[in-house]
Amino acid sequence: MPGHDASGVEGPDEHFAVRVVARLLAALGQAMLFATVNQDHTRPQPRMDPRAAAEAVTGLSMAVYHTPPGDDLVTVAGEIVGWTRSTLEVFRDQLSVHAWSSCPCEESHGQDETDAAVLRAIRADLLLLPDPATRTLQAGLG
């Protein structure tokens with residue numbers, strides 16, 4: 001199982017609207033639910049790092065908690081942003097190849113449509129996060 005390692009997820013603190021953080025928390029919750037329903041933790045090499053996912057949920061929640069009342073922007077540590085991105089990327093990838101489903105019972109009762117809708121939502125959610133490849137490219141140009 002992957003360890004609790006922030007390598008590759010470092011970055012500057014980021015600022016998000018409160019509603020964006022709420023959306024990311026919902027996406028992380030769905031990722032953790034799908035990983036659980038699909039028994040990811042029982043695989044020899046789990047795809048999702050449950051500790052990173054939990055750290056992301058905790059970090060985003062605490063960022064909201066520490067935001068002064070009336071502020072529209074939440075400051076999130078770069079490490080938390082990285083864990084959020086890596087968790088949601090695993091979720092997207094598992095949905096993309098149909099490795100995970102909202103109901104993995106192998107009977108058809110609408111889960112294909114649900115899974116496709118969740119995949120579209122997760123792809124959109126990932127657009128809310130800074131792209132580390134773009135940041136690396138910009139840093140090299142600066």
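**Considerations on the packing of aromatic side chains**
And step 1. Tallying each qualifying case throughout the model produces two aromatic pairs.
And step 2. Centre to centre, the rings of phenylalanine 91 and tryptophan 100 are 6.2 Å apart; their planes meet at 40 degrees, and the pair counts as tilted. Like phenylalanine 91, the residue tryptophan 100 is buried in the burial classification.
And step 3. Taken together, the ring pairs in this structure connect Phe34, Phe91 and Trp100 into an aromatic cluster.

**Structural notes on the packing of helix α1 (residues 18–37) against helix α3 (residues 78–96)**
And step 1. Running from N to C, α1 and α3 cross one another at 50 degrees; their axes reach a closest spacing of 10 Å. If you check the angle between α1 and α3, you find them oblique. Crossing of α1 against α3: the hand is left-handed. Residues Leu24, Ala27, Leu28, Gln30, Ala31 and Phe34 of α1 touch α3, and the partners they reach there are Thr84, Thr87, Leu88, Phe91 and Leu95.
And step 2. Counted by class, the contact of α1 with α3 contains eight nonpolar, three polar and no charged residues.

**Quick word on the pairing of strand β2 (residues 73–76)**
And step 1. Covered by surrounding structure in β2 are Val74 and Val76 only, the residues Leu73 and Thr75 on the alternate face being uncovered.
And step 2. In this structure, strand β1 (residues 14–17) lies alongside β2, joined through four bridges in antiparallel fashion. Within β2, the position partnered with histidine 15 by the bridge is threonine 75.

**Some words on the pattern of salt bridges**
And step 1. Scanning all chains against the criterion turns up four salt bridges.
And step 2. Salt-bridge contacts for arginine 51 lead to glutamate 55; the nearest nitrogen and oxygen are separated by 3.8 Å. One end of the pair is arginine 51 and the other is glutamate 55, both in helix α2 (residues 50–65) and four residues apart, which spans about a single turn.
And step 3. Taking relative accessible area as the criterion, arginine 51 reaches 47% and is therefore assigned partly exposed.
And step 4. For the salt bridge of glutamate 89 with arginine 85, the shortest nitrogen-to-oxygen distance reads 3.0 Å. With glutamate 89 and arginine 85 both in helix α3, this residue pair falls four residues apart, about one helical turn.
And step 5. On the basis of relative accessibility, which here comes to 11%, the residue arginine 85 falls in the buried class.

**Section: helix α4 (residues 111–126)**
And step 1. Given a rise of 1.5 Å per residue, 16 residues ought to cover 22 Å, and the 22 Å separating the end C-alpha atoms of α4 matches this to within 8%.
And step 2. Taken residue by residue, α4 has Gln111, Asp115, Val118, Leu119, Ile122, Asp125 and Leu126 as its buried positions. Projected down its long axis, α4 carries its buried residues within an arc of 125 degrees, all on one side. When the buried face of α4 is taken as reference, the exposed residues oriented beyond 90 degrees from it are Glu113 and Arg120.

About the criteria used
Residues numbered from 1 in each chain as written. Predicted model: local features only at pLDDT ≥ 70, side-chain atom pairs only at ≥ 80, totals over all residues. Heavy atoms only, no water. Phe/Tyr/Trp six-rings, centres within 6.5 Å; stacked < 30°, edge-to-face > 60°. Buried < 20%, exposed > 50% of the residue type's maximum accessible area, 1.4 Å probe, protein only. Axes fitted to C-alpha atoms, helices over the stretch in contact; angles between N-to-C directions. Helix = DSSP H or I, 4+ residues; strand = E, 2+ residues; numbered from the N terminus. Parallel < 35°, antiparallel > 145°, perpendicular 65-115°, else oblique. Left-handed = near helix turned anticlockwise from the far one by under 90°. Contact = heavy atoms within 4.5 Å. Nonpolar A, V, L, I, M, F, W, Y, C, P; charged D, E, K, R; others polar. Pairing = 2+ DSSP bridges. Salt bridge = Lys/Arg side-chain N within 4 Å of Asp/Glu carboxyl O. Expected span 1.5 Å × (residues − 1). Arc of directions from axis to C-beta.

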